[in-house]
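Observations on the three-dimensional arrangement
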Amino acid sequence: MYFYATNFIFFTYNIYKLNDKSVNVQRMSLYSDDPNYFAHIYNDSERDKKRIKILDSTLREGEQHPGVSFSNKQRIQIAWMLDSFGVDQIEISPIVSLDHREATKIIIKQGLRADIVAHVRAIKSDVDVAIDCNATWVATYLGISDIHLKSKLRISREEAKIRALEVADYIKSHGLKSRFTMEDASRTEPEFLLDMCREMNNRGIERISIPDTVGIMRPRGMYNIVKLVCNNIDNSKTSLDVHCHNDVGLALSNALSGCEGGADQIHTTIDGIGERTGIPALAETAVALNLIYKSNNDFRLHLLKDLSKTISDYTSIPIHESKPLVGDSSYKHKAGTHLAAILRNPSAYEIIEPKQVGNRRKIVFGELSGKNGSAYLLSILGLDSSKENAESLAKGLKELRMGDILELYLDEKLERKILNEGYVKTNKD
Ligand SMILES: [Zn+2]
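A short tour of the structure in this document, coming up. Note that this is a predicted model, so its numbers are computed, not measured.

Definitions and cut-offs
- Residues numbered from 1 in each chain as written.
- Predicted model: local features only at pLDDT ≥ 70, side-chain atom pairs only at ≥ 80, totals over all residues.
- Heavy atoms only, no water.
- Pairing = 2+ DSSP bridges.
- Helix = DSSP H or I, 4+ residues; strand = E, 2+ residues; numbered from the N terminus.
- Axes fitted to C-alpha atoms, helices over the stretch in contact; angles between N-to-C directions.
- Contact = heavy atoms within 4.5 Å.
- Core = buried A, V, L, I, M, F, W, Y, C linked by side-chain atoms within 4.5 Å.
- Buried < 20%, exposed > 50% of the residue type's maximum accessible area, 1.4 Å probe, protein only.
- Parallel < 35°, antiparallel > 145°, perpendicular 65-115°, else oblique.
- Left-handed = near helix turned anticlockwise from the far one by under 90°.

Read around the closed barrel, eight strands run β1-β2-β3-β4-β5-β6-β7-β8, paired in parallel fashion. Neighbour to neighbour, the strand axes of the sheet diverge by 25° on average, direction disregarded. Examined bridge by bridge, strand β1 (residues 53–56) and strand β8 (residues 265–268) share four bridges and lie parallel to one another. Its bridge partner being in β8, I54 is matched across the sheet by I266. On the sheet, helix α5 (residues 98–109) packs against β2 (89–92) and β3 (115–121) and is oriented at approximately 160° with respect to β2. Along the sheet, helix α9 (residues 190–202) contacts β5 (177–183) and β6 (207–212); its crossing angle with β5, the most-contacted strand, is approximately 175°.

As structure tokens, then:
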């Protein structure tokens with residue numbers, strides 16, 4: 001509550017300052033190099049900046065998506081691609097099958113920059129499998145909400161605690177780095193959650209994951225639960241992860257809010273695949289961190305579209321055309337007035353250039369093109385794009401009643417051609 005109150009004061013203070021210096025502000029809005037300048041002020045982007053890491057779980061959570069199974073060759077390739085993109089940790093489960101165990105061993109042998117986290121149940125024999133794979137990082141998980149204890153594990157809280165702590169001690173006795181996932185944390189009684197977190201913290205478990213396993217949280221709730229844990233453990237020994245499910249589409253908002261509450265690592269998968277409706281997508285998370293949260297990461301964002309395409313090929317799940325950043329419509333501009341603005345300056349409708357995320361800009365012609373769009377179309381075709389011709393083509397396109405009839409990639413060459421030969425020459429407004 002306190003955080004939100006201070007944040008609001010800071011926010012209104014900034015607005016006040018803006019009003020106070022309205023002359024300056026106006027000049028800034030016209031001449032600032034950054035068209036997102038005021039958005040960053042509303043976002044309070046310069047405050048509490050910190051580096052937020054990404055653990056990608058495409059090889060674990062992603063493989064839990066209905067119908068998805070990778071071959072070992074694919075698993076190894078995905079790990080290489082994720083590492084080259086710049087994620088901090090890559091999670092894989094060696095206990096699913098012998099193939100998974102083999103893949104885990106091979107990926108660990110590659111000596112990638114990212115930590116390879118072997119994800120296993122909180123059972124000693126599972127930890128042995130991780131050790132057999134030469135893992136240096138082991139993540140274990142146990143459902144700790146009453147519903148999980150009663151209906152899934154059929155054990156008491158006390159039994160769950162004993163089981164989890166025995167395994168934590170076992171992992172530490174082997175000198176491994178470790179994460180413990182408090183499965184279904186968002187539906188767990190706070191006292192029990194804190195008790196478990198303190199115990200793990202005392203044992204020097206490097207990371208605790210606070211998942212919203214069923215996607216029930218709202219952003220403020222995720223902030224509250226992470227803040228509660230953060231305030232009750234020694235943060236120099238243990239850092240926090242957030243793993244948020246997307247059952248009502250709040251996964252990324254919740255994860256980011258959890259980071260404002262004290263977590264410093266978000267779990268993602270490529271395209272957000274996972275159990276049911278999955279978890280935050282890598283592309284959206286990476287761009288949100290880089291552009292909106294000003295987190296100092298070294299991501300190679302231009303690989304995002306390729307990562308998405310690779311996963312789509314391997315899973316046969318098509319990339320939804322409205323998928324942010326990597327979808328086919330993410331950089332598609334249709335209305336005539338939008339086209340006019342895009343040609344003058346793409347920042348009018350784009351917050352990050354398509355080539356920065358490996359995507360391409362497209363323009364659509366059809367009944368919504370209007371006079372401006374029609375003038376471009378004529379100019380591309382090398383025809384006279386005078387006002388009269390443009391208006392008559394716009395009318396014709398409307399009367400066709402066929403919606404969109406043509407889509408074109410608007411590459412730089414085509415952009416220059418339109419600007420030099422067409423619209424600008426005939427419509428010098
Ligand atoms: Zn999950």
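Let us keep going from here.
Let us look at the nonpolar core. By size, the foremost hydrophobic cluster in this structure holds 85 residues, and its most contacted members are F85, M182 and L304. In terms of residue count, helix α12 (residues 282–292) provides more of this core than any other element does, seven residues in total. If we ignore the near neighbours within four places in the chain, the residues touching M182 are L142, I144, L193, M196, C197, M200, I208, S209 and P211. Residues Y376, I380, L414 and I418 belong to the second largest nonpolar core, which totals twelve residues.

This paragraph deals with the packing of helix α6 (residues 124–132) against helix α8 (residues 157–173). In the contact formed by α6 and α8, the axes pass within 10 Å of each other and the chain directions differ by 25°. By the angle class used here, α6 and α8 are roughly parallel. In terms of crossing hand, the pair formed by α6 and α8 is right-handed. Across the interface between the two elements, K124, V127 and D128 of α6 pack against E166, V167, Y170 and I171 of α8.

Function cannot be inferred from these measures alone, as they are strictly geometric.
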